[in-house]
Structures are given as C-alpha cells and as structure tokens.
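A structural walkthrough
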Amino acid sequence: MSEAVKVYVGMGSNLGNSKQHMVDALKELNELPDTRVTACSSLYSTRPVGPQDQNYFINAVVELETTREAHELLHMLFDIENRHHRLRLRHWGERTMDLDILYYGDRSFNDDELKVPHPEILNRAFVVIPLLEIDPEFTHSENRKLKDTVPELPEIDMKAIRRLSHMENKRYGRNLHPEQRALKAWFKYRMGL
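The paragraphs below set out a description of the structure included in this document. Owing to the predicted nature of the structure, the values given are computational and were not obtained by experimental measurement.

About the criteria used
- Residues numbered from 1 in each chain as written.
- Predicted model: local features only at pLDDT ≥ 70, side-chain atom pairs only at ≥ 80, totals over all residues.
- Heavy atoms only, no water.
- Helix = DSSP H or I, 4+ residues; strand = E, 2+ residues; numbered from the N terminus.
- Contact = heavy atoms within 4.5 Å.
- Areas by Shrake-Rupley, 256 points an atom, 1.4 Å probe, with all protein chains shown as cover.
- Phe/Tyr/Trp six-rings, centres within 6.5 Å; stacked < 30°, edge-to-face > 60°.
- Buried < 20%, exposed > 50% of the residue type's maximum accessible area, 1.4 Å probe, protein only.
- Salt bridge = Lys/Arg side-chain N within 4 Å of Asp/Glu carboxyl O.
- Expected span 1.5 Å × (residues − 1).
- Core = buried A, V, L, I, M, F, W, Y, C linked by side-chain atoms within 4.5 Å.
- Pairing = 2+ DSSP bridges.

Here we take up the overall build of the protein. Scanning the protein from N- to C-terminus turns up 5 helices and 8 strands. Traced from its N-terminal end to its C-terminal end, the protein shows the element sequence β-α-β-β-β-α-β-β-β-α-α-β-α. Taking all contacts inside the protein whose residues are at least 6 apart in sequence as the whole, residues at least 24 apart take part in 72%. As displayed, the protein has an accessible area near 10100 Å², and 50% of this comes from carbon and sulfur atoms.

What follows deals with the packing of aromatic side chains. Counted under the stated rule, the structure contains 4 aromatic pairs. Judged by centre distance (5.8 Å) and plane angle (75°), the ring pair of Tyr104 and Phe109 falls under edge-to-face. On the basis of relative accessibility, which here comes to 13%, the residue Phe109 falls in the buried class. An aromatic cluster of three or more residues is present, and its members are Tyr8, Tyr103 and Phe138.

A few words now on the pattern of salt bridges. This model, assessed by the stated rule, comprises 15 salt bridges. A salt bridge links Glu72 to Arg68, with the shortest nitrogen-to-oxygen separation between them at 2.4 Å. What makes Glu72 partly exposed here is its relative accessible area of 35%. By relative accessible area, which is 19% here, Arg68 ends up buried. The salt bridge partner of Lys145 is Glu137, with a shortest N-O separation of 3.6 Å. Connected via shared salt-bridge partners are Asp34, Arg68 and Glu72.

The subject of this paragraph is the environment of Pro136. Position of Pro136 relative to the elements: it lies in the loop between α3 (125-134) and α4 (155-160). Classification of Pro136 as partly exposed rests on a relative accessible area of 46%.

Time to look at helix α2 (residues 70-83). Each turn of an α-helix holds 3.6 residues, which means side chains three or four residues apart point in the same direction. Its 14 residues give α2 an end-to-end C-alpha distance of 20 Å, which sits within 8% of 20 Å, the value for a rise of 1.5 Å per residue. Of the surrounding elements, those touching the buried residues of α2 are β1 (5-13), α1 (18-30), β4 (57-66), β5 (98-104) and β6 (109-110). Immediately beyond the C-terminal end of α2, within one or two residues, lies His85, with a positive phi of roughly 60°.

Take the nonpolar core next. By size, the foremost hydrophobic cluster in this structure holds 29 residues, and its most contacted members are Met11, Leu29, Val62, Leu77 and Ile101. The set of elements that each furnish at least two residues to this core consists of β1, α1, β2 (35-40), β4, α2 and β5. Considering every element that reaches this core, the biggest residue donor is α2, with 6 residues. Non-local contacts of Ile101, meaning those with residues more than four positions away in its chain, are made with Val7, Tyr8, Ala70, Leu73, Leu74, Leu77, Leu114, Lys115, Val116 and His118. In this structure, Tyr8, Val61, Phe138 and Ile161 belong to the second largest nonpolar core, which totals 19 residues.

Most of α3 is tucked away: 9 of the 10 residues are buried. Those residues of α3 not exposed but buried are Ala125, Val127, Val128, Ile129, Pro130, Leu131, Leu132, Glu133 and Ile134.

Let us look at the pairing of β4. In terms of residue burial, β4 counts as a mostly covered element, since 9 of its 10 residues are buried. In this sheet, β4 lies alongside β2 in antiparallel orientation, the contact comprising 5 bridges. Its bridge partner lying in β4, Cys40 is registered against Val62. Sheet analysis places strand β3 (residues 44-46) next to β4, joined by 3 bridges and oriented antiparallel. By the bridge assignment, Ser45 is partnered in β4 with Ile58.

One can find Ser45 in strand β3. By relative accessible area, Ser45 is classed as buried at 11%. The residues touching Ser45, leaving out its near neighbours within four places in the chain, are Tyr56, Phe57, Ala160, Ile161, Arg162 and Leu164.

Next up, the structure:
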C-alpha cells in the first residue's frame, strides 16, 4: 500500500434536504476504504454559479488522507454522488450532491476525467473560504498563499456567502478514534437540524 496523501474535497448540494445530504456524504467519505476524514469546514450557504434560477447551495470542504490513487478516489466520489441520486440536467445546474477533488497532495492531473488542482478554485468563494477555515496558511499550487487570493474573489459571491453552522473548526483530539475525530462536530451540528 502506498503512502497516504492529503486530499481536499469540495462538497455541495442544493436539492432535497441539502444539510442531510452533506452530513451523510461526510460520513460516507470517512467510510471509504483506505481513507479517513481528518478535518472539515463549517457549512456555508452560497450563491449558485451559472443559472440563477435555482436554490442557493450548501457547501463545505473536507480534508482527507487516503492511499487510493486519484482516479480511483474520483470514482468512489461518483459512487457517493450516485447514492444521493445526483442527476446532471444542465451545466452548473442543481444537484443533490456534488463532490470535487480540489487538491490531491501536490500532484497535478489534466485529463478528460480529472483536473487537479481544480481549475476554478481561485474564482470560487465557496471553495476558498471553507478551505481557509481548515488551513488558514494553505499554499495554492502557484506558490501563493490562498488567503492572498481572497480580495480577487467575485464581490457578489463574497457578499452572498454565509456560514450556517457555528462549530469551530479544529483538528480533533488524538484520543478519539479516526471516525469520531472528523464526525464529532458534524453530529453535534446534526442534532440541531
């Protein structure tokens, strides 16, 4: 088995019970083989990209450690989306669950199936803000601190983004099992749904 890689995954939903989809998908991510969730952001309400005749999204970013190859992980994310009955009706359209690999360690991919780092990261407040909550000193692949790109985000998106959950992001204690570490705050939050 290969060495574990730190991966950041963007999550989004704007159909059905989006909060529940997010909580359930986080649990499913933590149950993937050879993968564990190591940190997660709060939930954010965000303006949709593209067609504006759809609901606002709920977004979050999750940090994983995995020994799975990037394309294999991508297919496991597709399986989670499918379990949430994701339909692809139109470009940038509504969805019950959207999971995107944002970063896969320091590796880059650019093929028909996978583009990593995700090419739109620096234009997406719903990615940058939650990722910075997890790691305020995160360095983007262009050797720029991600926090330095915040002033360049679209003003309309920055005005629309709103933190929904009030949990503080922290790396969870060493005394907890891996499953408990990442899910503790989410299940606490879930009780208030």
